[in-house]
Amino acid sequence: MLLCNVGHFKTFVKNMSMDNLEKQLICPICLEMFTKPVVILPCQHNLCRKCANDIFQASNPYLPTRAGSLTSGGRFRCPSCRHEVVLDRHGVYGLQRNLLVENIIDMFKQESSSSKPAPERKEEMPMCDVHEDEKINIYCVTHGVPTCSMCKVFGAHKDCEVAPISSIYQTKKTELSDGIAMMVGNNDRMQGIISQLEEACRAIEENGRRQKTVVCEKFDQLYTILEEKKRQMSQKVTAEQEEKVNYIRGLTKKYGDHLEESCKIVEQGIQTMEEPEMALFLQNTKPLLKKIADASSTAHLDKVERSYENMDHYNVEFKKEGRALRSIDFIQDEEDEEEDDVDGEAGAEEGEGAQTVSGGNAVTAASVQPPAPQQTNSPPSAAKSAAST
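> Which parts of the structure should I look at to understand a positive patch on the surface?
On the surface, Lys319, Lys320, Arg323 and Arg326 cluster together to form a positively charged patch. Along the chain, the position of Arg326 falls in helix α8 (residues 319-326). Arg326 sits in the exposed class, given a relative accessible area of 67%.

Set out below in structure tokens:
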């Protein structure tokens, strides 16, 4: 309300630099000072009505129009803060005019025209690279570059089409403003599409996590069946392994004891051979020869038959079950799903069923029970044979 008073505004203008004030009166779309009428958006930012209408049409290309004016409501985003502006059926013409800003612009222009321009505010025109004393004041339309008059008369652009740089400046500035407005509208549409795609990604990720959880649960059930069967079969192999190993270790100990006794007899024989007294030698020889004869006989030691250590009779073959497991896939038929659930429960009780999944539903594959291992060739007691003398 303070700025509505002309006298107060003039005091405000005097206290504020003209450059800073002019920056506050620049439209963010056309980058020029606001032109009447100025509209105020719900987010309190200002736009030229023409610029607001350009953004509105770019953001709502399919809304009906009449004589270049929008006839129904729509929406667009503020170019300054990206706040969404929702309009009624009057479109941009339903926005409130900012008379305060319009009055400020009028007084700013009057104040600017009455004051002498400061020398430091003059922007020096760029000089020509070829003719260093000539300012760039024309525009070569043929090559699309600004140049100087000397280049047109004597230089590289003498045969080119040229135009005043001011007219090209206004044309290009209008094109840039229109392009910015179009890009703002396109960005709004792209932002909407991105939001939809992000929402679709979140839904897909959530559904994927839920279905993977169901799949893992079904496979965990199958793993449990396979682990139990593996444990049972491994126990059978382990039992025979321990029995055979214990027998071999016991037999090894017997042979070791016999070898140790033989080594002692050999040492005793060597010592007897060194006896110089014949009578004493003959007295020691008779019992020693008896020990050598007894030690040379291994009839009391068992021998292991050939292939006793072989465990190949515990062979397994899972080709059929492997084909069944590799054929596991998701199911589609709901009727088959009910039948498979019944078969899967029966297979789980017998430890034979392999289940597959389809969105949380199980189906029964071929049995994965391994064939029963063959009987061993013979127990360790039967595998022993008397050693030859």
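Following the structure, the description resumes.
> Explain helix α7 (residues 278-296) to me, please; I cannot follow it from the model alone.
An α-helix turns once every 3.6 residues. As a result, residues three or four positions apart point the same way. In this model, α7 (19 residues) spans 26 Å end to end at C-alpha, consistent with the 27 Å of a helix rising 1.5 Å per residue. Within α7, the axis deviates most sharply at Thr285, by approximately 30 degrees, and proline Pro287 lies no more than four positions further along. Thr285, Leu288 and Ala295 are the residues of α7 that are buried.

> Is there a simple way to explain the sheet that holds strand β8 (residues 138-140) in this structure?
Sheet strands line up and pair through hydrogen bonds in the backbone, either parallel or antiparallel. Here we have three strands laid out as an open sheet, ordered β9-β8-β10, and antiparallel in their pairing. The sheet is open, and its two borders are formed by β9 (145-147) and β10 (162-164), each paired with just one other strand. Neighbour-to-neighbour, the strand axes of this sheet turn through a mean angle of 35 degrees, independent of strand direction. In terms of strand pairing, β8 meets β9 through three bridges, oriented antiparallel. Opposite Cys140, over in β9, you have Val145 as the bridge partner. Packed onto the sheet, helix α6 (residues 165-273) meets β8, β9 and β10 and runs at close to 85 degrees relative to β10.

> Any chance you could explain the environment of Arg49 here in plain terms?
Tracing the backbone shows Arg49 in helix α3 (residues 49-59). According to the relative accessible area criterion, Arg49 is buried, its value standing at 17%. In sequence terms Arg49 and Leu95 are 46 residues apart; their C-alpha atoms lie 8.9 Å from each other. Setting aside anything within four residues of it in sequence, one finds Arg49 in contact with Pro37, Val39, Val92, Tyr93, Leu95 and Arg97.

> Is there a simple way to explain the pattern of salt bridges in this structure?
A side chain of one charge can pair with a side chain of the opposite charge if their charged atoms are brought near each other. Enumeration according to the criterion identifies eleven salt bridges in this entry. For the salt bridge of Arg97 with Glu102, the shortest nitrogen-to-oxygen distance reads 2.8 Å. A residue is classified by how much of its surface remains accessible, and Arg97, at 39% relative accessible area, is partly exposed. With its nearest N and O atoms 3.2 Å apart, the salt bridge here joins Lys244 to Glu240. Of this pair, Lys244 and Glu240 are both found in helix α6, four residues apart, which corresponds to roughly one turn of the helix. Judged by its relative accessible area of 10%, Lys244 falls in the buried class. Taken together, the salt bridges that share partners define one network made up of Arg77, Arg82 and Asp188.

> Just to check I follow, could you spell out the nonpolar core for this structure?
Soluble, globular proteins show a tendency: their nonpolar side chains are buried together. In terms of nonpolar packing, the biggest core is built from 28 residues, with Leu25, Cys27, Leu47 and Phe76 touching the most fellow members. Elements that contribute at least two residues to this core include exactly β1 (38-40), β2 (46-48), α3, α4 (99-114) and α6. The residues contacting Leu47, other than those within four sequence positions of it, are Cys27, Pro28, Ile29, Phe34, Pro37, Val38, Val39, Leu41, Ala52, Ile55, Phe76 and Pro79.

> What is the right way to read the packing of aromatic side chains from this model?
For any pair of aromatic rings, the description rests on two quantities: the centre-to-centre distance and the angle between the ring planes. All chains considered together, the criterion is met by two aromatic pairs. Ring centres of Tyr247 and Tyr308 lie 5.7 Å apart, and the angle between their planes is 70 degrees; this geometry places the pair in the edge-to-face category. Residue Tyr247 is located in helix α6, and its partner Tyr308 is located in the loop between β11 (302-304) and α8; the two are separated by 61 residues in the primary sequence. Take Tyr247: its relative accessible area is 14%, and that puts it in the buried class. The ring of Tyr308 is capped by Lys244, whose NZ or CZ atom sits 5.0 Å from the centre of that ring.

What counts and what doesn't
Residues numbered from 1 in each chain as written. Predicted model: local features only at pLDDT ≥ 70, side-chain atom pairs only at ≥ 80, totals over all residues. Heavy atoms only, no water. Patch = residues over 30% accessible without salt bridge, like charges linked within 9 Å, V, L, I, M, F, W, Y side chains within 5 Å. Areas by Shrake-Rupley, 256 points an atom, 1.4 Å probe, with all protein chains shown as cover. Salt bridge = Lys/Arg side-chain N within 4 Å of Asp/Glu carboxyl O. Lys, Arg positive; Asp, Glu negative; His and termini not counted. Charge placed at Lys NZ, Arg CZ, Asp CG, Glu CD. Helix = DSSP H or I, 4+ residues; strand = E, 2+ residues; numbered from the N terminus. Buried < 20%, exposed > 50% of the residue type's maximum accessible area, 1.4 Å probe, protein only. Expected span 1.5 Å × (residues − 1). Bend = angle between axes of the 7 residues up to and from the residue. Pairing = 2+ DSSP bridges. Axes fitted to C-alpha atoms, helices over the stretch in contact; angles between N-to-C directions. Contact = heavy atoms within 4.5 Å. Core = buried A, V, L, I, M, F, W, Y, C linked by side-chain atoms within 4.5 Å. Phe/Tyr/Trp six-rings, centres within 6.5 Å; stacked < 30°, edge-to-face > 60°. Lys NZ or Arg CZ within 6 Å of the ring centre and 35° of its normal.

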